Amino acid sequence: MTTLKPSGLTILGLETSCDETAASVVRRDEDGSVSVLSSIIGTQFEQHAPFGGVVPELAARAHVESIDAIAAEAMRSAGLGFEELDGVAATAGPGLVGGVMVGLAFGKAVSLARGVPLVAVNHLEGHAVSARLGADVGYPFLLLLVSGGHCQLLEVAGVGACKRLGTTIDDAAGEAFDKIGKSLGLPYPGGPALEKLAVGGNPDRYPLPRALLGRKDCDFSFSGLKTAAARIAETLTADDERRDLAAGVQAAIARQLSERVDRAMKLYKESHEPGDLRFVVAGGVAANGAVRAALLANCEKNDFSFAAPPLAYCTDNAAMIALAGAERLALGISDDLDAVARPRWPLDEAAALANPANAYGRKGAKA
Ligand code: KG4
Ligand code: ZN
């Protein structure tokens with residue numbers, strides 16, 4: 001592998017772990033400042049829409065068909081040639097493994113052909129650093145990762161150093177939005193559609209369950225809410241009823257996230273200095289206005305600073321993968337060309353090993 005340039009790093013990032021084929025060029029200067037030179041995202045909504053969810057085989061094929069063009073577009077729009085890269089970072093998991101293999105193989109090809117280091121990036125580490133694409137957020141911080149596949153609270157001490165405080169025992173928050181959206185007849189992905197439907201709705205019209213109320217831990221559960229909302233949705237006929245149920249569901253999800261974050265903030269405070277009280281929310285659900293407002297209130301109440309990625313970097317993108325790669329490369333960490341694609345890859349490997357039943361961010365039947 002080539003030696004690293006001391007004066008900043010220009011990295012190509014690749015993301016193919018779900019239904020977005022994305023490539024981005026990010027520059028990280030020596031002082032840690034970050035600029036996104038390009039970020040191209042090709043979505044596969046149309047291919048998956050008829051099925052109401054992502055079909056892994058279709059996703060993998062679509063990634064193969066578009067990765068070349070999307071990576072070329074990212075380089076063109078950054079105004080750079082491949083010879084100007086200092087490294088390439090590709091998502092190596094967790095995710096739909098057929099898709100992960102496509103981006104990782106492309107990254108290996110760039111690494112081999114151009115003699116630049118490869119970084120095999122954990123997709124969740126990408127989300128964890130994504131707030132740094134818009135603001136100078138220092139370590140350590142308390143992270144709420146809320147996406148379609150994950151709902152976790154983590155203490156992040158530094159690059160690759162995460163300790164999990166809580167996780168979901170059934171569905172992820174984004175999954176709950178998507179499934180309840182489906183019950184309400186909304187298109188996939190349900191989260192953004194449900195947020196639109198909820199505008200102006202009365203969140204108190206329908207009684208909805210509050211999960212794990214008596215527990216003192218930081219775990220989440222959304223399956224009770226999903227079942228209750230689906231039952232109510234079946235009985236609705238008028239538009240204002242659907243709007244009010246959407247508002248109630250959104251408020252219930254925001255409230256649960258906020259309650260657990262409150263507990264996690266108290267725990268985090270026990271082992272951190274006042275100057276280290278930073279809160280970051282990342283993942284697709286961080287795009288939701290009601291969720292953000294609830295979390296902002298948590299921060300005000302507990303004296304934490306608040307950071308969330310710019311909206312464009314909340315959902316899956318390759319800029320966050322490029323930045324996670326750049327942070328690792330800046331510390332001299334890279335991977336060999338035999339790096340494997342991993343369908344499962346917990347951020348807090350220690351917590352996963354200690355309790356295999358909830359290794360991957362879920363506990364219970366679906367773990
Ligand atoms: O991070 P992401 O793009 O992919 C995963 O790694 O899962 O998150 C996608 C998830 C989907 O479940 C989607 O419904 C949800 O984020 N989402 C939202 C909003 N925008 C995206 N949920 C609620 N409100 C939104 N505005
Ligand atoms: Zn994601």
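Residues numbered from 1 in each chain as written. Chains lettered and ligands numbered in written order. Predicted model: local features only at pLDDT ≥ 70, side-chain atom pairs only at ≥ 80, totals over all residues. Heavy atoms only, no water.

The name an unreviewed UniProt entry assigns to the protein chain is tRNA N6-adenosine threonylcarbamoyltransferase, from the organism Caulobacter segnis. The protein chain has a UniProt comment under Catalytic activity (unreviewed entry) that states "L-threonylcarbamoyladenylate + adenosine(37) in tRNA = N(6)-L-threonylcarbamoyladenosine(37) in tRNA + AMP + H(+)". (UniProt positions renumbered as here; feature names shortened; annotations may be inferred.)

A. Fine view of the UniProt feature "binding site: substrate" (unreviewed entry) in the protein chain. The UniProt entry lists Leu-145, Val-146, Ser-147, Gly-148, Gly-149, Asp-178, Gly-191, Glu-195 and Asn-288 under the feature "binding site: substrate" (unreviewed entry), expressed in the numbering used here. Looking at where Leu-145 falls in the secondary structure, it is placed in strand S6 (residues 141–146). Taking relative accessible area as the criterion, Leu-145 reaches 0% and is therefore assigned buried. Relative to the assigned elements, Gly-191 resides in helix H6 (residues 190–197). For Gly-191, a relative accessible area of 16% translates into the label buried. Look past the residues within four positions of Gly-191 in its chain and what remains in contact with it is Phe-177 and Asp-178. (Helix = DSSP H or I, 4+ residues; strand = E, 2+ residues; numbered from the N terminus. Buried < 20%, exposed > 50% of the residue type's maximum accessible area, 1.4 Å probe, protein only. Contact = heavy atoms within 4.5 Å.)

B. Just the packing of H6 against helix H8 (residues 239–270), in detail. Packing of H6 against H8 brings their axes to within 8 Å, and their N-to-C directions diverge by 120 degrees. As the angle between them shows, H6 and H8 are arranged oblique. Where H6 crosses over H8, the handedness of that crossing is left-handed. Contact residues: Leu-194, Glu-195 and Leu-197 in H6; Arg-242, Arg-243, Ala-246, Val-249 and Gln-250 in H8. Here the contact of H6 with H8 is built from residues that sort into 4 nonpolar, 1 polar and 3 charged. (Axes fitted to C-alpha atoms, helices over the stretch in contact; angles between N-to-C directions. Parallel < 35°, antiparallel > 145°, perpendicular 65-115°, else oblique. Left-handed = near helix turned anticlockwise from the far one by under 90°. Nonpolar A, V, L, I, M, F, W, Y, C, P; charged D, E, K, R; others polar.)

C. Just the side chain of Gln-152, in detail. In this structure, Gln-152 sits in strand S7 (residues 151–158). What makes Gln-152 buried here is its relative accessible area of 3%. A polar contact of 3.2 Å, which involves the side chain of Gln-152, links it to the side chain of His-150. (Polar contact = N/O pair within 3.5 Å; in protein donor to acceptor, adjacent residues only side chain to side chain.)

D. Main features of the site of ligand 1. Around ligand 1 sit 20 residues in total, of which Gly-148, Asp-178, Glu-195, Asn-288 and Asp-316 are the nearest. Here Gly-148 contributes a backbone N or O atom positioned 2.7 Å from an oxygen atom of ligand 1. Protein burial of ligand 1: of its 550 Å² of free accessible surface, 89% is covered by the chains. When contributions to the shell around ligand 1 are tallied by element, the ones reaching two or more residues are helix H4 (123–129), helix H5 (173–183) and H6. The residue makeup of the shell around ligand 1, split by class, is 6 nonpolar, 11 polar and 3 charged. Split by domain, the shell around ligand 1 shows at least three residues from each of two domains, domain 1 (9–134 + 313–354) and domain 2 (141–308). (Near = heavy atom within 4 Å. Areas by Shrake-Rupley, 256 points an atom, 1.4 Å probe, with all protein chains shown as cover. Domains from an automatic or database assignment.)

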